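Now for the letters of each chain:
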Amino acid sequence: MTTTSNGDAQPTKQSVKQSAKQTAQQSAKQTAQQATLTTYRVLVIGGGNAGLSVAGRLQRAGIPDITVIEPRVNHVYQPMLSHVAGGTARASQATRPQADVMPPGVTLLRDAVASVDPETSSLVLESGRRVGYEHLIVCPGIVQDWDAVPGLRAALQSPSVASSYEIGLADKTSHLLRDLREGTAVFVQAPEPASFAGAIQKPMYLACDYWRARGVLDRIRVVLVLPDATPLGVPEIDAELERKVAEYGIEVRRESRLSEVVADSSTAVIDRAAVGTAAIGTAAIDTGGIGAGAHSPAAANPAASSPAAASPAAETGAAFDVEGESERIHYDALVVEPPQRAPAWIAEAGLAAAAPPMDSEGGFVDVNGRTLQHRRYPNVWSLGDAAVSGSQRSGGALRKQTKALAENLAGVLGGQAARSEYDGYTVAPFTVSRSSVVFAEFDADGQQRPSVPFWKGLARERRLTWVFDRRVLPWVYWNLILKGRA
């Protein structure tokens with residue numbers, strides 16, 4: 001380097017040549033890397049229900065070279081965990097080796113994603129390997145954020161705190177609830193975003209039915225903490241669930257959150273939402289405009305979350321006198337659905353919306369909710385919990401999502417436009433006793449969408465739907481859904 005009269009550094013001819021040589025070498029190296037980069041025609045991130053179902057559909061449509069990235073050794077049938085936690089299924093019935101459930105003709109890449117670069121259609125795996133793709137399907141699921149509630153992760157190490165959202169914890173929940181004969185059991189439903197938040201209610205109903213059969217229900221105080229005003233947000237379904245809540249004598253803390261767990265004193269700290277006021281145990285509740293989460297049916301159907309839909313008979317116990325007040329509940333059993341969020345690398349890759357429609361949708365994949373194609377990167381697709389689809393996140397939404405996405409991607413690969421549309425349908429079976437289920441079918445607007453047109457009878461508590469949920473659906477899942485055949 002030489003120095004000019006004003007003291008600035010001036011590159012010499014030799015340094016310029018050296019810099020140009022280094023740039024050329026770097027460019028040649030990048031070109032060589034790209035030439036040797038393994039590029040997959042269709043790369044699927046996530047080997048859960050969404051990933052395997054859509055991969056199976058694409059394979060059956062004749063699309064070759066489909067690879068699924070999944071780090072887990074075992075695949076878990078998530079809906080079965082509610083039965084495991086409630087004592088109506090064994091943990092072994094909810095899981096199978098990942099390699100054994102792969103759709104025929106689909107390749108499993110056992111790894112995890114570290115980062116995605118949609119500008120170059122490539123991604124980096126946690127193993128350090130970099131791969132390319134022609135089309136990318138993003139369905140890694142949702143992250144359970146156990147650290148979002150102070151004290152929760154540490155409390156999970158104690159014998160009286162568990163969850164139904166992980167297989168090991170679901171098994172722990174089963175033993176915890178089975179052995180409880182008196183005291184207080186608290187069940188906490190997470191706010192949006194969440195993977196079918198209402199699933200935490202299922203082991204609660206199963207436990208209450210078990211305790212009633214053993215003659216100890218009247219010695220157990222059961223408290224349900226809801227983030228919204230009603231259990232689901234669909235009026236007809238809420239009516240059935242509220243009836244069961246009243247039947248079991250469950251106390252409800254509506255529009256409330258778990259803010260802290262103090263394991264040393266077995267205390268759950270429950271906060272009211274920061275806006276509006278409510279008195280637990282009265283019918284007069286001023287919600288101040290507090291609504292449900294972005295994907296709760298109540299968000300699209302405000303009438304569904306109105307105070308009139310709540311059952312005052314089910315609301316007993318301590319009162320919240322002012323907005324933002326906390327209640328401390330001593331528990332003998334605390335069953336928690338953890339707060340959830342999108343995987344961080346989605347936003348880091350620029351795949352999330354810059355201005356999401358709801359705060360709770362921040363960080364999730366920004367797709368057209370109908371076609372499930374990314375709004376800015378046409379070779380990126382997403383479905384399931386990781387996508388902003390406009391409907392409630394649940395496994396029940398995937399059957400129609402996978403069908404629409406597979407048809408659209410197959411069409412695009414064939415030179416056509418994406419024409420198939422996901423209509424917002426989802427289904428959520430609520431086990432409300434050890435022999436009956438409320439079969440909730442609804443759309444993104446919180447309206448009932450029965451599979452049998454003009455017959456909404458499945459939304460009532462029935463024994464037939466218990467058989468379907470507990471016996472038929474698991475067989476269909478393992479043998480048809482994961483193969484892309486249903």
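Residues numbered from 1 in each chain as written. Predicted model: local features only at pLDDT ≥ 70, side-chain atom pairs only at ≥ 80, totals over all residues. Heavy atoms only, no water.

Engineer: How would you summarise the sheet that holds strand S15 (residues 251–253) if you had to cite specific residues and measurements?
Structural biologist: Here we have five strands laid out as an open sheet, ordered S12-S21-S13-S14-S15, and parallel in their pairing. Each edge of the sheet is formed by a strand with only one pairing partner; in this case those strands are strand S12 (161–162) and S15. One ladder, built from six bridges, connects strand S13 (residues 183–188) with strand S14 (residues 220–225); its direction is parallel. The residue of S14 that forms the bridge with Thr 184 is Arg 221. Lying over the sheet, helix H6 (residues 201–213) contacts S13 and S14, oriented at roughly 165 degrees with respect to S14. (Pairing = 2+ DSSP bridges. Helix = DSSP H or I, 4+ residues; strand = E, 2+ residues; numbered from the N terminus. Contact = heavy atoms within 4.5 Å. Axes fitted to C-alpha atoms, helices over the stretch in contact; angles between N-to-C directions.)

Engineer: Can you break down unusual backbone geometry residue by residue, with the values?
Structural biologist: In this model, Glu 192 is joined to Pro 193 through a cis peptide bond whose omega is 0 degrees. Within the secondary structure, Pro 193 sits in the loop between S13 and H6. In this structure, Phe 196 takes a positive phi of about 40 degrees despite not being glycine. Assignment of secondary structure puts Phe 196 in the loop between S13 and H6. We note that Leu 372 has phi near 65 degrees; this positive angle belongs to a residue other than glycine. Mapped onto the fold, Leu 372 is located in the loop between helix H9 (344–348) and strand S23 (380–382). For Leu 372, a relative accessible area of 0% gives the class buried. (Buried < 20%, exposed > 50% of the residue type's maximum accessible area, 1.4 Å probe, protein only.)

Engineer: Outline the pairing of strand S8 (residues 113–117), listing residues and values.
Structural biologist: Pairing geometry for S8 and strand S9 (residues 122–125), over four bridges, is antiparallel. Pairing of Ser 115 across the sheet is with Val 124, part of S9. Following S8, the chain reverses through four residues before pairing antiparallel with S9; Ser 121 in that reversal takes a positive phi of roughly 50 degrees.

Engineer: Summarise helix H7 (residues 235–248); cite the residues concerned and give the values.
Structural biologist: The periodicity of an α-helix, 3.6 residues per turn, causes residues three or four places apart in sequence to face the same way. Given a rise of 1.5 Å per residue, 14 residues ought to cover 20 Å, and the 20 Å separating the end C-alpha atoms of H7 matches this to within 8%. Here H7 has its buried residues at Ile 237, Asp 238, Glu 240, Leu 241, Glu 242, Lys 244, Val 245 and Tyr 248. Structurally, H7 contributes buried residues whose contacts are with H6, S15, strand S24 (426–431) and strand S25 (437–442). Gly 249 occupies a position one or two residues after H7 and carries a positive phi of about 70 degrees. (Expected span 1.5 Å × (residues − 1).)

Engineer: Summarise the packing of helix H2 (residues 49–60) against helix H10 (residues 398–413); cite the residues concerned and give the values.
Structural biologist: It is the contact of H2 with H10, at a shortest axis distance of 9 Å, that shows an interaxial angle of 45 degrees. When the axis of H2 is compared with that of H10, the two are oblique. Judged by the sense of rotation from one axis to the other, the crossing of H2 with H10 is right-handed. Of the residues in H10, those in contact with Asn 49, Ala 50, Ser 53, Val 54, Arg 57 and Leu 58 of H2 are Leu 398, Arg 399, Thr 402, Lys 403, Leu 405, Ala 406, Leu 409 and Ala 410. The class makeup of the residues in the contact of H2 with H10 is eight nonpolar, three polar and three charged. (Parallel < 35°, antiparallel > 145°, perpendicular 65-115°, else oblique. Left-handed = near helix turned anticlockwise from the far one by under 90°. Nonpolar A, V, L, I, M, F, W, Y, C, P; charged D, E, K, R; others polar.)

Engineer: Can you explain the sheet that holds strand S16 (residues 256–262)? Please cite residues and give values.
Structural biologist: Strands sit in the order S16-S17-S20 across an open sheet of three strands; the sheet is antiparallel. Of all the strands in the sheet, the pair left with one neighbour each is S16 and strand S20 (326–330). Each adjacent strand pair in this sheet contributes to an overall mean axis angle of 25 degrees, direction not counted. Examined bridge by bridge, strand S17 (residues 267–272) and S20 share five bridges and lie antiparallel to one another. Looking across to S20, one finds that Ile 270 is bridged to Glu 327.

Engineer: Give me the lowdown on the pairing of S17, citing residues and values where you can.
Structural biologist: Summarising burial for S17: five of the six residues are buried, a large majority. In this structure, S16 lies alongside S17, joined through six bridges in antiparallel fashion. Its bridge partner lying in S17, Ser 256 is registered against Arg 272. Hairpin connection from S16 to S17: four residues lie between these consecutive antiparallel strands, with Ser 266 at a positive phi of about 50 degrees.

Engineer: Describe the environment of Tyr 425, naming the residues involved and giving the relevant values.
Structural biologist: Along the chain, Tyr 425 turns up in the loop between H10 and S24. Since its relative accessible area comes to 6%, Tyr 425 is described here as buried. In the structure, Tyr 425 is positioned 24 residues away from Arg 449 in sequence and 7.1 Å away in space, judged by C-alpha atoms. Not counting chain neighbours up to four residues away, the residues in contact with Tyr 425 comprise Gly 396, Ala 397, Arg 399, Lys 400, Glu 441, Phe 442, Asp 443, Arg 449 and Ser 451. Within the structure, the side chain of Tyr 425 is placed 3.5 Å from the side chain of Ser 451, a separation counted as a polar contact. (Polar contact = N/O pair within 3.5 Å; in protein donor to acceptor, adjacent residues only side chain to side chain.)

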